[in-house]
Amino acid sequence: MAAHRTEELVAVLRRAVVEGRIAPGEKLPSENELIAAHGVSRTVVREAITALRAEGLVRTRRGAGSYVLTPPAEPSAGWPGRPVRTLKERQSLLELRTGIEAEAAGLAASRRAPEDLAAMRDALESFRSASDGPAAALAQDFAFHRAVAAASANPYLLELIDALGPVMIAMPRRRLESGSGSSEGDGSALLAAAHHEHAAVLTAIEEGDARTAASAMRLHLAGSRRRLADGATGPGGHES
């Protein structure tokens, strides 16, 4: 009976994450809130959170609670001050990122140091092989974009990316649903597409081609917007 209640609670919380009702970086309801809302025991709540962590949908920060996909940025990075949940909000953030990150990629092609290229390569390889669930893929996706900003040698660009934090990356819905019996092939295809686009950005930066690097970053984020729109109108998901 307890196992059945745990499965039910996992399904409810997973759906809240997939549908964006609990946004990346947001804290899950407390144990007491979940107990009161769902009429379950503390053991059921803790087992459900453990299951969501195993799926890569939740991360726990010691003493602070459990968060969807990623804990929030450090308190010094307090912008943006609201979760990004809706399609319109995701589109708006991608528009902002396109202008900022295309410029960062172009500057990176002219200014990158060997350690910057190493950081991008490491993040790209870790992203490609991310097998620990959505949270791991999100962390490596963000690491790549942050490495590009660092390579720009413009501290304001890097500070802005740090302020946005990992929550600027919206995981594809099909990857978020992978723990509930959806097609893993769909999620893998989206991961492969993003990896291919990241690789094109890295190649242009390695070659010192500023124009192509900026263009490759714009194409990547345009692909993210397309996948976001596709997910809103069909069985897919949103990705950036």
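Parameters and conventions
Residues numbered from 1 in each chain as written. Predicted model: local features only at pLDDT ≥ 70, side-chain atom pairs only at ≥ 80, totals over all residues. Heavy atoms only, no water. Helix = DSSP H or I, 4+ residues; strand = E, 2+ residues; numbered from the N terminus. Buried < 20%, exposed > 50% of the residue type's maximum accessible area, 1.4 Å probe, protein only. Contact = heavy atoms within 4.5 Å. Areas by Shrake-Rupley, 256 points an atom, 1.4 Å probe, with all protein chains shown as cover. Salt bridge = Lys/Arg side-chain N within 4 Å of Asp/Glu carboxyl O. Core = buried A, V, L, I, M, F, W, Y, C linked by side-chain atoms within 4.5 Å. Domains from an automatic or database assignment. Axes fitted to C-alpha atoms, helices over the stretch in contact; angles between N-to-C directions. Parallel < 35°, antiparallel > 145°, perpendicular 65-115°, else oblique. Left-handed = near helix turned anticlockwise from the far one by under 90°. Nonpolar A, V, L, I, M, F, W, Y, C, P; charged D, E, K, R; others polar. Polar contact = N/O pair within 3.5 Å; in protein donor to acceptor, adjacent residues only side chain to side chain. Expected span 1.5 Å × (residues − 1). Arc of directions from axis to C-beta.

If you look the chain up in an unreviewed UniProt entry, it shows as GntR family transcriptional regulator from Brachybacterium ginsengisoli.

Undergrad: How should the overall build of the chain be read in this particular structure?
TA: The helix and strand tally for the chain stands at 10 helices and two strands. Overall, the chain shows an N-to-C arrangement of helices and strands of α-α-α-β-β-α-α-α-α-α-α-α. When burial is assessed residue by residue, the chain has 45% of its 240 residues classed as buried. Here the contacts in the chain between residues at least 6 apart in sequence split such that 73% fall between residues at least 24 apart. A total accessible area of about 11300 Å² is found for the chain, and carbon and sulfur atoms account for 52% of it.

Undergrad: Help me out: how do you make sense of the pattern of salt bridges in this one?
TA: Note on pairing: side chains with opposite charge can pair once their charged atoms come close. Under the definition given, this model contains nine salt bridges. As a salt-bridge pair, E8 and R5 come within 3.5 Å of each other at their nearest N and O atoms. Of this pair, E8 and R5 both sit in helix α1 (residues 2-18), separated by three residues, roughly a single helical turn. On the accessibility criterion, E8 (39% relative accessible area) is partly exposed. Here E206 and R121 are joined by a salt bridge, their closest N and O atoms 2.8 Å apart. With a gap of 85 residues between them, E206 in helix α9 (residues 184-206) and R121 in helix α5 (residues 114-128) connect regions that are remote in the sequence.

Undergrad: Mind showing me how you'd approach the nonpolar core here?
TA: Generally speaking, nonpolar side chains in soluble globular proteins are found buried as a group. M120, F144, V148 and I205 are the most contacted members of the largest nonpolar core, which has 53 residues in total. Elements represented by at least two residues in this core include exactly α1, α3 (42-54), α4 (87-111), α5, α6 (134-151), α7 (155-164), α9 and α10 (210-233). With eight residues, α4 is the largest single contributor of residues to this core. Residue assignment places this core across two domains, with domain 1 (1-68) and domain 2 (87-233) each supplying three or more. Once residues lying within four places of it in the same chain are set aside, the contact partners of I205 are A105, A108, A109, R112, L117, M120, V148 and A213. Judged by nonpolar contacts, the second largest core, of five residues, contains F127, A130, A137 and L191.

Undergrad: Sorry, what's going on with the packing of α6 against α7 here?
TA: The relative placement of two packed helices is expressed as an angle between their axes plus a distance between the axes. Between α6 and α7, the least distance of the axes is 8 Å, while the angle of their chain directions is 160°. Regarding the angle of α6 to α7, the classification is roughly antiparallel. Crossing of α6 over α7 shows left-handed handedness. From α6, F142, R146, A149 and A150 reach across to α7, where they touch L157, L158, I161 and D162. Counted by class, the contact of α6 with α7 contains six nonpolar, no polar and two charged residues.

Undergrad: Please explain the environment of V12 as it appears in this structure.
TA: As for its placement among the helices and strands, V12 is situated in helix α1. Overall, V12 belongs to the partly exposed group, its relative accessible area being 41%. Separated by 36 residues in the primary sequence, V12 and A48 place their C-alpha atoms 10.0 Å from one another.

Undergrad: What am I meant to see in the environment of N32 here?
TA: By the element assignment, N32 lies in helix α2 (residues 31-38). Classification of N32 by relative accessible area gives partly exposed; the value is 49%. Residues N32 and R42, spaced 10 residues apart in sequence, show a C-alpha to C-alpha distance of 7.8 Å. A polar side-chain atom of N32 sits 2.8 Å from a polar atom in the side chain of R42.

Undergrad: I tried to follow α3 on my own but got confused; where do I start?
TA: Residues separated by three or four positions in an α-helix point in the same direction, a consequence of the helix having 3.6 residues per turn. For α3, built from 13 residues, the straight-helix expectation of 18 Å at 1.5 Å per residue is met to within 8% by its first-to-last C-alpha distance of 18 Å. Among the residues of α3, those classed as buried are V44, V45, A48, I49 and L52. Down the axis of α3, the smallest arc covering the buried residues is 135°, so these residues share one side. If you follow the buried residues of α3, they end up packed against α1, α2, β1 (58-61) and β2 (65-68). At the exit of α3 stands G56, carrying a positive phi of roughly 85°.

Undergrad: Whenever I open this one, unusual backbone geometry confuses me. Can you help?
TA: Keep in mind that most residues, glycine aside, have a negative phi and that most peptide bonds are trans. Of note in the backbone geometry, A153 takes a positive phi value of approximately 60° without being a glycine. Within the secondary structure layout, A153 lies in the loop between α6 and α7.

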